[in-house]
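Observations on the model geometry
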Amino acid sequence: QVQLVESGGGLVQPGGSLTLSCAASGFTFSTYIVGWYRQAPGKERELVASFTSSGGVTSYADSVKGRFTISRDNAKNTVYLQMNALKPEDTAIYYCKATRKFFSSIYYWGPGTQVTVSS
């Protein structure tokens, strides 16, 4: 059974840091493209950062460039999102998504983890 579980969210002050983790199970990690998305209240879900099918990082949302870093540990089937210099506008539910390489209609979402940036 395919499962994605995010963790690491929480409440942090502006300027602080958090590291999110997405643990994957039930599928061959290397055959999926894994990325991070977020959805703020009243807004559409948006891509934050993702890997390409070859394993490279495809892009970051302009709003997080230079502050967020996506990485992965294939041995642990885990993808991370290091978030630095957090801003109140980064407040959202952060989701992990795994998309089957070359079969974009096959994808899975995790339940999400809440990140709140507030003083």
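Presented here is an overview of the structure given in this document. (Residues numbered from 1 in each chain as written. Predicted model: local features only at pLDDT ≥ 70, side-chain atom pairs only at ≥ 80, totals over all residues. Heavy atoms only, no water.)

**Comments concerning the pattern of salt bridges**
Side-chain pairs of opposite charge can arise where the charged atoms are in close proximity. For the structure shown, the criterion picks out four salt bridges. Its salt-bridge partner being Arg38, residue Asp90 comes within 3.0 Å of it at the nearest N-O pair. Here Asp90, found in the loop between strand S8 (78-83) and strand S9 (92-100), pairs with Arg38, found in strand S4 (residues 32-39); they are 52 residues apart in sequence, far enough to count as distant. On the basis of relative accessibility, which here comes to 1%, the residue Asp90 falls in the buried class. Relative accessible area serves as the criterion here: at 6%, Arg38 is assigned to the buried category. (Salt bridge = Lys/Arg side-chain N within 4 Å of Asp/Glu carboxyl O. Helix = DSSP H or I, 4+ residues; strand = E, 2+ residues; numbered from the N terminus. Buried < 20%, exposed > 50% of the residue type's maximum accessible area, 1.4 Å probe, protein only.)

**Some details on the nonpolar core**
If you look at the biggest cluster of nonpolar residues, it comprises 29 residues, and the most contacted ones within it are Trp36, Val48, Phe68, Val79, Leu81, Met83 and Tyr94. Going through the elements one at a time, strand S3 (18-25), S4, strand S5 (46-51), strand S7 (68-73), S8, S9 and strand S11 (113-117) are the ones with two or more residues in this core. (Core = buried A, V, L, I, M, F, W, Y, C linked by side-chain atoms within 4.5 Å.)

**Topic: the pairing of strand S1 (residues 3-7)**
What you see with S1 is a clean split: Leu4 and Glu6 sit on the buried side and Gln3, Val5 and Ser7 on the side with no burial. In terms of strand pairing, S1 meets S3 through five bridges, oriented antiparallel. Counterpart to Leu4 in the pairing with S3 is Ala24. (Pairing = 2+ DSSP bridges.)

**Observations concerning the pairing of S9**
For S9, the buried fraction is high: seven of the nine residues fall into the buried class. Across eight bridges, the pairing between S4 and S9 is antiparallel. Note on S9: the bridge partner recorded for Arg38 is Tyr94. As defined by bridge partners, S9 adjoins S11 across three bridges and the pair is classed as antiparallel. Within the sheet, the bridge partner assigned to Ala92 lies in S11 and is Val115. In the sheet, S9 pairs with strand S10 (residues 107-109) via three bridges, with the strands oriented antiparallel. Note that in S10 the partner of Ala98 across the bridge is Tyr108. Adjacent in sequence and paired antiparallel, S9 and S10 are bridged by six residues, among which Phe102 carries a positive phi angle near 70°.

**Notes on the sheet that holds S1**
In a beta sheet, neighbouring strands are held together by backbone hydrogen bonds and run either parallel or antiparallel to one another. Ordered in space as S1-S3-S8-S7, the four strands form an open sheet in which the pairing is antiparallel. Among the strands making up the open sheet, the edge pair consists of S1 and S7. Averaged over neighbouring strand pairs, the angle between their axes works out to 15° when direction is ignored. (Axes fitted to C-alpha atoms, helices over the stretch in contact; angles between N-to-C directions.)

**Observations concerning the state of the cysteines**
Evaluation of the coordinates by the stated rule reveals one disulfide. The partner cysteine of Cys22 in its disulfide is Cys96, sulfur to sulfur 2.0 Å. Disulfide Cys22-Cys96: torsion about the S-S bond near -80°, hence left-handed. Separated by 74 residues along the polypeptide, Cys22 in strand S3 and Cys96 in strand S9 bring together distant segments of the chain. The exposure class of Cys22 is buried, given its relative accessible area of 0%. Of the residues examined, Cys96 reaches a relative accessible area of 0% and is grouped as buried. (Disulfide = S-S within 2.5 Å.)

Everything listed here is a matter of geometry and, on its own, says nothing about what the molecule does.
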